[in-house]
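# Tertiary structure, described
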Amino acid sequence: MKGTLITTTKDEATGLRYGIYLIRFKNKLWIATFDIDHSLLVQVQGVELAEDKVPAPVQGQVREWLL
């Protein structure tokens, strides 16, 4: 299994910290949310990457941001 930590975040309401990972497993991509404080997997969801699934306004603003 290979992957990368995308970001960490803290829920201000609960004080809990989460790690968000992008993982490749069996030739599929997954996003896993991990509760750092309790060492628990909170959520896993499959991801399909396809440029046509990103709405045009989002694509435009991301391009602007990265330029």
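Here's what I pulled together on the structure shown here. (Residues numbered from 1 in each chain as written. Predicted model: local features only at pLDDT ≥ 70, side-chain atom pairs only at ≥ 80, totals over all residues. Heavy atoms only, no water.)

### Examining the sheet that holds strand β2 (residues 17–25)
- Here we have four strands laid out as an open sheet, ordered β1-β2-β3-β4, and antiparallel in their pairing. Two strands close off the open sheet at either side, each with one partner strand: β1 (2–10) and β4 (40–47). With direction set aside, neighbouring strand axes in the sheet form an average angle of 20 degrees. (Pairing = 2+ DSSP bridges. Helix = DSSP H or I, 4+ residues; strand = E, 2+ residues; numbered from the N terminus. Axes fitted to C-alpha atoms, helices over the stretch in contact; angles between N-to-C directions.)

### Description of the side chain of Gln59
- You can see Gln59 is positioned in helix α1 (residues 56–66).
- Of the polar contacts made by the side chain of Gln59, one reaches the backbone oxygen of Val54; its length is 2.7 Å.
- In contact with Gln59, other than residues within four places in its own chain, are Glu51 and Val54. (Polar contact = N/O pair within 3.5 Å; in protein donor to acceptor, adjacent residues only side chain to side chain. Contact = heavy atoms within 4.5 Å.)

### Comments concerning the pairing of β1
- Relative to β2, β1 is paired through eight bridges, and the arrangement is antiparallel. Within β2, the position partnered with Thr9 by the bridge is Tyr18.
- In textbook terms, the turn of a hairpin is the stretch between consecutive antiparallel strands, and for β1 and β2 this stretch comprises six residues, one of which, Gly15, has a positive phi near 80 degrees.

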